[in-house]
2 protein chains.
Amino acid sequence: MQVQKLALIGFGNVGQALAKLLLKKRADIKVRYEVDFIVVAIRTGSHGRVVNPQGVDLEQALNLIETDESLDSLGEPGPEDMAAWIQATGADALFENSPVSYSDGQPALDHLRTALENDMHAITANKGPVVHGFHELKALAQSKGRKFRFESTVMDGAPVFGVTREALPAANIRAVSGVLNSTTNLILNRMESGQAFDEAVAYAQSIGIAETDPSGDIDGWDATIKLAALVTVVMGEALDIKAVARKGIREITKEDITTAKMQRKRWKLVCRAYQTDQGVEASVGPEMVGQDSPFYFVDGTTSIVQFESDVLGKLSVIEENPSPMTTAYGLLADWLNALGVARPY
Amino acid sequence: MQVQKLALIGFGNVGQALAKLLLKKRADIKVRYEVDFIVVAIRTGSHGRVVNPQGVDLEQALNLIETDESLDSLGEPGPEDMAAWIQATGADALFENSPVSYSDGQPALDHLRTALENDMHAITANKGPVVHGFHELKALAQSKGRKFRFESTVMDGAPVFGVTREALPAANIRAVSGVLNSTTNLILNRMESGQAFDEAVAYAQSIGIAETDPSGDIDGWDATIKLAALVTVVMGEALDIKAVARKGIREITKEDITTAKMQRKRWKLVCRAYQTDQGVEASVGPEMVGQDSPFYFVDGTTSIVQFESDVLGKLSVIEENPSPMTTAYGLLADWLNALGVARPY
């Protein structure tokens, strides 16, 4: 039985869901993979930080956050400086889920680099470091004999990177497309039910799907960054997000929705990228899709990605109705895959 | 650069497509994985057999089959007895694609067992040995440090086993469903276009999708065997095909098709299996599915599988318009995965 030391940066919805999933799956993981873990450090944005080589009590940590208290009582704080703190944790794997800037992937990119430099597996649900640092972090990980993993960055925990990394050897992926942003998909659904654009946005905000400033979703930024992450990893070309022809859904009117319905079509915010002789062409924008496309079916927060390759034609993966637990599962899967323990046959 | 010795049993559509794909991908595989190969033996049903430790010329072999000639001129025949012949090939991996009996998985099951006993990876597109021998062959492979692989048995080369084996660690798959038989799906499509059942069957036969005796597809046997293979492998329980509540599509009438259309639904031959306290319950039969199901959009020879797990909700994989080359790709992927060379990061 190997005992892995884990550190967490970021303890919001995703970090807490990961903690709960780790507790829930501990016994199963011990039996299946002969792996156990202790969480040796947690660093939060507004609830303090803790380093404890004996193991932080995860249930206590979750309870403290629940009652809006600091984690400081669970061990020593460790260094203020982030790089020194990461090193001081002595962890075998770092889960990085702190707030990130999409324009440069920071500070997550620095955290992940520091983790790898200190011989830790580096695992994140943040898209920014993939878009801005995949090739660097991949090379660093390989030089260290560690792994950089990020399954939860696109379609939550659904294995969209896993399927291309592990189950499609010798395939050349020539095109990637998908419906990857659930907020816009939900808004378009509400408009199909008769709501105006602004009403639909307000609804998505009221149930916590859209943010107070919904422009990151509505103007196609989130979809663009997800597409860039996919292209960078599965097509092997770094894609500048500014090179993506990006259009959001602000200009879709009730009349557009009616037009689509009359043609038995639906509006979807579609991501597309394909290989050309001059490199990858990529776009994000609203399209009317018909029933001959699997995109037509994608409702609410469900999402789909489609890979076109030289060996398999069109292969699609659909994830229905994800939750924070789904994102946490992607992180857990990343960790077990990084350890290389999880092959049943 | 490692050079792997390959042997092929069965050189029909699938075996020939594999030979063509191996030739097409040779340069790419050498560069990416530092693996090359020689085909040291081929055994056909009606075009002779050959063992050649220096390597059988694959292009010559394909040309001979094209002109309906025997392969005997390409080397020595090797032993008549199959087990002795497999051993005599001295191969590192055996691709088994000979005609198989669904009732007991023979003779493929014996061929694969012999390959593993002789320290070869054992790879097949035949479902029978998975249904009747998965747990035995898996254990034998593990004891020998080799792999038993069968990606092409369900949904051609689409990574339905790969995704569950390699990309979903620590997941408990509680239910599997899908539209897995393309012949019946095509027949139901034609009936939606106005053809009677018999006309639709004749059409499917005329384009080479349905066999002269189409009962294996129409009565749900092919779908049942695929479902049994999935359950056996991904849910870990051997499923007796006789325990599957099986119903084919013979009784679907023009009136049934009209009824479905009026409800904006479509008939599909749906496979379902789910975990209960008493074991796995499984069924194959026609269902009317609505637009709230991704099964609705599965047209023609496209197929879909859906996994329900404790960690991801519903995850679906769709493969559109497969070809013999797709099946060959599954075999190629199995081989590269067996070698463990194919992880880009």
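For the structure, see preceding data.
All of these numbers come straight from a predicted model, not from anything done at the bench. (Residues numbered from 1 in each chain as written. Chains lettered and ligands numbered in written order. Predicted model: local features only at pLDDT ≥ 70, side-chain atom pairs only at ≥ 80, totals over all residues. Heavy atoms only, no water.)

*Asks:* How should the nonpolar core be read in this particular structure?
*Replies:* Side chains that are nonpolar tend, in soluble globular proteins, to be buried together. In terms of nonpolar packing, the biggest core is built from 226 residues, with Trp335 of chain A together with Trp335 of chain B touching the most fellow members. Each residue touching Trp335 of chain B, except ones within four places of it in the same chain, is listed here: Gln4, Leu6, Leu22, Ile29, Val35, Phe37, Ala93, Phe95 and Ile123 of chain B. The next biggest cluster of nonpolar side chains, apart from the first, holds 18 residues, and it includes Val289 and Ile304 of chain A together with Tyr296 and Val298 of chain B. (Core = buried A, V, L, I, M, F, W, Y, C linked by side-chain atoms within 4.5 Å. Buried < 20%, exposed > 50% of the residue type's maximum accessible area, 1.4 Å probe, protein only. Contact = heavy atoms within 4.5 Å.)

*Asks:* Please explain the relation of the copies chain B and chain A as it appears in this structure.
*Replies:* Think of it as a corkscrew move, a rotation about one axis and a shift along it, taking one chain copy to the other. For the pair chain B and chain A, the relating rotation is 180°, the translation along its axis is 0.0 Å, and the fit reaches an RMSD of 0.0 Å. Here the symmetry operator amounts to a two-fold rotation axis. Ranked by how close their C-alpha atoms come to the rotation axis, the residues of chain B are headed by Val317 of chain B, at 2.3 Å. A shared interface surface links the copies, since 97% of the contact residues of chain B are contact residues in chain A too. (Least-squares fit on C-alpha atoms with pLDDT ≥ 70 in both.)

*Asks:* Please clarify how the sheet that holds strand E8 (residues 245–246) of chain A should be interpreted in this entry.
*Replies:* Two modes of strand pairing occur in sheets, parallel and antiparallel, and in both the strands are linked by backbone hydrogen bonds. Read across the sheet, 12 strands follow the order E8(A)-E10(A)-E9(A)-E7(A)-E11(A)-E12(A)-E12(B)-E11(B)-E7(B)-E9(B)-E10(B)-E8(B) without closing on themselves; strand pairing throughout is mixed. The two strands at the open ends of the sheet, each matched to only one other strand, are E8 of chain A together with strand E8 (245–246) of chain B. Pairing between strand E11 (residues 303–309) of chain A and strand E12 (residues 313–319) of chain A: 7 bridges, direction antiparallel. The residue of E12 of chain A that forms the bridge with Val305 of chain A is Val317 of chain A. (Pairing = 2+ DSSP bridges. Helix = DSSP H or I, 4+ residues; strand = E, 2+ residues; numbered from the N terminus.)

*Asks:* Looking at this model, I keep getting lost on the pairing of strand E10 (residues 279–289) of chain A. Mind explaining?
*Replies:* Successive residues of a regular strand alternate their side chains across the two faces of the sheet. All names here are of chain A. The pairing of E8 with E10 spans 2 bridges and is classified as parallel. When the sheet's bridge partners are listed, Ala245 is paired in E10 with Ser283. In terms of strand pairing, strand E9 (residues 266–276) meets E10 through 11 bridges, oriented antiparallel. By the bridge assignment, Arg266 is partnered in E10 with Val289. Taking the residues between adjacent antiparallel strands as the criterion, E9 and E10 are bridged by 2 residues.

*Asks:* What exactly am I supposed to notice about the pattern of salt bridges here?
*Replies:* A side chain of one charge can pair with a side chain of the opposite charge if their charged atoms are brought near each other. Taken as a whole, this structure holds 36 salt bridges over all chains when the rule is applied. With its nearest N and O atoms 2.8 Å apart, the salt bridge here joins Glu192 of chain B to Arg266 of chain B. With a gap of 74 residues between them, Glu192 of chain B in helix H7 (residues 182–192) and Arg266 of chain B in strand E9 (residues 266–276) connect regions that are remote in the sequence. Where salt bridges share partners, they join Lys25, Asp28 and Arg32 of chain A together with Asp310 of chain B into one cluster. (Salt bridge = Lys/Arg side-chain N within 4 Å of Asp/Glu carboxyl O.)

*Asks:* Teacher, can you tell me more about the interface of chain B and chain A here?
*Replies:* Bring the parts together and some accessible area is lost; that lost area is often taken as the interface size. Across the boundary between the two partners, chain B contributes 58 residues, which contact 56 residues of chain A. Around 4900 Å² of area is buried between chain B and chain A when both sides are counted, 54% of it from carbon and sulfur atoms. Area buried by chain B at its contact with chain A is led by Tyr329, Arg343 and Tyr345 of chain B, which between them contribute 18% of it. On inspection of chain B and its partner chain A, the count reaches 2 salt bridges. The interface formed by chain B and chain A contains 24 residue pairs in polar contact (both at pLDDT 80 or more). Counting residues per element, the ones that place at least two in the side of chain B that touches chain A are helix H1 (13–33), helix H5 (128–144), strand E6 (148–149), helix H6 (160–166), strand E12 (313–320) and helix H12 (324–339) of chain B. (Buried area = accessible area lost by both parts, 1.4 Å probe. Polar contact = N/O pair within 3.5 Å; in protein donor to acceptor, adjacent residues only side chain to side chain.)

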